[in-house]
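So you can see what is in the structure, the chains are spelled out below.
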Amino acid sequence: MPTLPQSVHLTSAGVSALFDLSTGGLPALDHWGPALPALDEAAARAIASANYLPVVSNQPDVSFKPALLAEGHRGWLGRPGISGHREGADWTPKFAITAVSLNGDSLGAGHHEAGAATLSVTASDPLASLTVTLTSELTESGLLRTRAELTNTGATDYTLDNLTLTYPLPPEATEILDFGGSWTQERTPQRTSIHQGTYLREGRRGRTGADYAFVLHAGRPGFGFRSGELWGVHTGFSGNHTHLIEHAHNGMRVIGGGELLLPGEVTLSPGASYGSPWVYGVYSGTGLDAAAHRFHSFLRGRDRRVDAARPVTINVWEAVYFDHDLDRLKDLADRAADLGVERFVLDDGWFGSRRDDFRGLGDWHVSPEVWPEGLTPLIDYVHERGMQFGLWFEAEMVNLDSDVARAHPEWVMAPNPQRMPVESRHQQVLNLTIPECYDYVLGAVSAVLRENAIDYIKWDHNRDLVESATRATGRAAVHEQTLAIYRMFDTLRAEFPSLEIESCASGGARIDLEMMQRTDRVWVSDCIDPLERQRMNRWTTQLLPPEFMGSHIASGSSHTTGRTHTLTYRASVAVFGHLGIEWDLAQASAAELSDLREWIAFYKAERGLLLGGDLVRVDTDESLSLHGVVTPDASRALFSFGINSLTGINPLGRLRFPGLAADAQYRIRPLLIGTVPGDLKAPAWFGLPGSQETPTSSNPWPQAIREPVDLPGVVLSGAALEHVGVQAPAMFPEQALLFEINRI
Ligand code: DGJ
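These figures come from a predicted structure and were not determined experimentally.

### Brief notes about the packing of helix α9 (residues 530–540) against helix α10 (residues 567–574)
Right, on to step 1. α10 packs onto α9 with a crossing angle of 10° between their chain directions and a minimal axis gap of 9 Å. Taken together, α9 and α10 sit at an angle that is classed as roughly parallel. In this structure, α9 crosses over α10, and the sense of that crossing is left-handed. On α10, the residues that touch P530, L531, R533, Q534 and N537 of α9 are Y569, R570 and V573.
Right, on to step 2. Across the contact of α9 with α10, the residue classes tally to four nonpolar, two polar and two charged.

### Focus on the nonpolar core
Right, on to step 1. Membership of the largest hydrophobic core comes to 93 residues, with the highest contact counts inside it found for F344, L346, W350, F393, W459 and L585.
Right, on to step 2. When sequence neighbours within four positions are dropped, the list of residues in contact with F393 reads W350, W364, V445, V448, L449, I457, K458, W459 and D460.
Right, on to step 3. If you look at the next biggest cluster of nonpolar residues, it comprises 51 residues, including I82, A128, L261 and Y274.

### With respect to the pattern of salt bridges
Right, on to step 1. Counting across every chain of the model gives 52 salt bridges.
Right, on to step 2. For the salt bridge of E547 with R300, the shortest nitrogen-to-oxygen distance reads 2.7 Å. Here the residue E547 occupies a position in the loop between α9 and β31 (549–554), and R300 occupies one in helix α2 (residues 288–300), the gap between them amounting to 247 residues.
Right, on to step 3. When its relative accessible area of 21% is taken as the criterion, R300 is described as partly exposed.
Right, on to step 4. Between D338 and R597 there is a salt bridge, with its nearest N and O atoms 2.9 Å apart. Of this pair, D338 sits in helix α4 (residues 326–339) while R597 is found in helix α11 (residues 590–610), placing the two residues 259 residues apart along the sequence.
Right, on to step 5. Under the relative-accessibility criterion, R597 is labelled partly exposed at 37%.
Right, on to step 6. What emerges from the salt-bridge pattern is a single network uniting D356, R359, D401, D403 and R406.

### Some details on the sheet that holds strand β29 (residues 500–503)
Two orientations exist for strands paired in a sheet by backbone hydrogen bonds: parallel and antiparallel.
Right, on to step 1. A barrel is described by the order of its strands in space; here eight strands give the closed sequence β23-β24-β25-β28-β29-β30-β31-β32, paired in parallel fashion. Looking at each pair of strands side by side, their axes are set apart by 30° on average, direction ignored.
Right, on to step 2. Of the pairings in the sheet, the one linking strand β28 (residues 456–459) to β29 comprises four bridges and is parallel in character. Counted as the bridge partner of I457 is I501 from β29.
Right, on to step 3. The sheet contacts of helix α5 (residues 376–384) involve β24 (343–346) and β25 (388–393), and relative to β25 the element is tilted by about 140°.
Right, on to step 4. Against the sheet, α10 contacts β31 and β32 (578–582), and its axis sits at roughly 170° relative to β31.

### As for the site of the ligand
Right, on to step 1. The ligand sits among 13 residues. The nearest are D347, D348, R425, D460 and D526.
Right, on to step 2. At 3.1 Å from an oxygen atom of the ligand is found a side-chain nitrogen or oxygen belonging to W392.
Right, on to step 3. Residue G507 places a main-chain N or O atom 3.0 Å away from an oxygen atom belonging to the ligand.
Right, on to step 4. Protein coverage of the free-state accessible area of the ligand, which is 290 Å², stands at 97%.
Right, on to step 5. Here the residues of the shell around the ligand sort into four nonpolar, three polar and six charged.

### Details of the sheet that holds strand β7 (residues 110–114)
Right, on to step 1. Pairing is mixed in the open sheet, where four strands are placed in the order β3-β2-β1-β7. Each edge of the open sheet is held by one strand with a lone partner, namely β3 (28–34) and β7. Within the sheet, the average angular offset between the axes of one strand and its neighbour, ignoring direction, is 10°.
Right, on to step 2. Here strand β1 (residues 5–12) runs beside strand β2 (residues 15–20); their pairing, made up of six bridges, is antiparallel. Bridge pairing links S12 to V15 in β2.
Right, on to step 3. Along the sheet, helix α1 (residues 41–50) contacts β1, β2, β3 and β7; its crossing angle with β1, the most-contacted strand, is approximately 95°.

Reading the values: the criteria
- Residues numbered from 1 in each chain as written.
- Predicted model: local features only at pLDDT ≥ 70, side-chain atom pairs only at ≥ 80, totals over all residues.
- Heavy atoms only, no water.
- Axes fitted to C-alpha atoms, helices over the stretch in contact; angles between N-to-C directions.
- Helix = DSSP H or I, 4+ residues; strand = E, 2+ residues; numbered from the N terminus.
- Parallel < 35°, antiparallel > 145°, perpendicular 65-115°, else oblique.
- Left-handed = near helix turned anticlockwise from the far one by under 90°.
- Contact = heavy atoms within 4.5 Å.
- Nonpolar A, V, L, I, M, F, W, Y, C, P; charged D, E, K, R; others polar.
- Core = buried A, V, L, I, M, F, W, Y, C linked by side-chain atoms within 4.5 Å.
- Buried < 20%, exposed > 50% of the residue type's maximum accessible area, 1.4 Å probe, protein only.
- Salt bridge = Lys/Arg side-chain N within 4 Å of Asp/Glu carboxyl O.
- Pairing = 2+ DSSP bridges.
- Near = heavy atom within 4 Å.
- Polar contact = N/O pair within 3.5 Å; in protein donor to acceptor, adjacent residues only side chain to side chain.
- Areas by Shrake-Rupley, 256 points an atom, 1.4 Å probe, with all protein chains shown as cover.

Below, the structure is given as structure tokens:
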């Protein structure tokens, strides 16, 4: 038996993770939080020993700490890391380490120090005939992510019901922030407190979900965007899953998650393995922005880069819905190209009998009825105008009124051959775990991509998976279905390496870090109303950098809320993501088109910063919003100040701009693009022509700004901008004004 390490300390980007392996059992985290200085063996041993609970009356007579995969044999009575059994036995394993490696190199005795690195611990229970490998990686940006691989080494089947990975939480972390929501209301924040028991967020929708926890945070009370210490987890999985915080019987708190397995979904035959999703842990000592930056750097560093030069996109959905007419779409393409649009996306309705959402889904051949000459005439037209061409698919789904469902009813998910699940958006789910069905879907999509010059696909997923099972056997199939869609995306990307994929699921119901390993953009929400969207975008950036976030300017009257907003407000919100248009431009007025042209030009000139900068969000009352992006060298910034609603406070007071270099001097000035926000009243510092630095009652400055004007603003230090701020302008509610901040 090799001599095993006692402890491993990983530290990167201001975060430390200190693993205690000294028991010979699965690793426990002695520390996950702010970076510790380098440790020697004695120091690591001292921390390990300082971390044992006292033995108290009426609790197990042992002192212990729960492992990342918590086990009952130590005395842990909270949720076990593994729930499973072999005909009722072997349900409470006791693992002993057999091998430990760091970045693939085997580790010997003693204490080990490393920076960003991957620790892999393999442990076995010969009595239960199980082996598990826990892989924990501290990334360059300071994220701690862990996954487990469980192997059945016995001679009989092992049923796995659940596998949960957890990280320790300190007792000071008493406040929870996570997210709920629904269609058109994705990522609605909610706060509560930790109490004894389990705070459990289950996602049982068979997709990530519009209402899922997203990132489950626990922190010191009152943590905000720029302040407060917090710990968070994100389960990187696009099927059923959990996020949880447990305040256990012995006062210990853990935070974690995993996949949520349906009954019977995972039975490991002898030699078979189950791989869990990555459970990501994020720590910040300075609030939510710093936590978001860790996720952003992680995604910005992925192999398949999404750079900041995201092409201005037009998606035709809200312009034409199912009404596909070549001449009308060509006209839209002309109008879009003329404005400077760079990508044209044809949405739902181009295939089979899909003239509405009742029929045709699943028949992935170009409809001869609406496209008698195929898609080529439109694709060529779009390409000739210098735009990329994108196409919509929803290939995991089927309308029962379709050729494919009629030919292969056995491919439709159902709990048994006698009963169908309820319909949702008039559709059912195709069973990609059936090899012939998988081959059909992959073959049909690939054929369309081979036969047409398509640069981009928008991949939709418009219903939850309810009672989703293989019809013939009744076996639940969400787990395998989720792995199948990952496999399909991997296969498509291998054959079409330059193809970009957008993840859409009735809007933003499939946004998670495993999907983001395979897709390049998300559709944040079907709600493009800027008042709602600014909130959804603000919180979506807790996980995703803005260049991944599809952010469109729609028509003045929102199709999902009926509210009407000015173009200036719609555009001010949209330019802080991957800009698109989703609007029948033939209905836009000359003035709107002229403004739109200006906004597109602004986005193109500034997208390096808008989509490549560091995110800054300022804690404000819900009635206001203030956020921006700053270049990594803090030389430039763009901010947006929005008034969401009136609260009776007028004027609004000071706006403070963090994220800049304290000693540097900056000029801050308002940017007026297109039509001026309604009833904009300038404070003195705008430097409106004719105004004075210090107004007097006999000589008040002119305040109202009605026409775009170049305003000089004021020069202030980074420290003054952050700590003193400038007076907010007055304007109508549901308006926003941009500020440019340049280092002098
Ligand atoms: C839902 C999406 O979110 C919309 O953008 C659009 O693609 C429709 N599906 C099409 O059916």
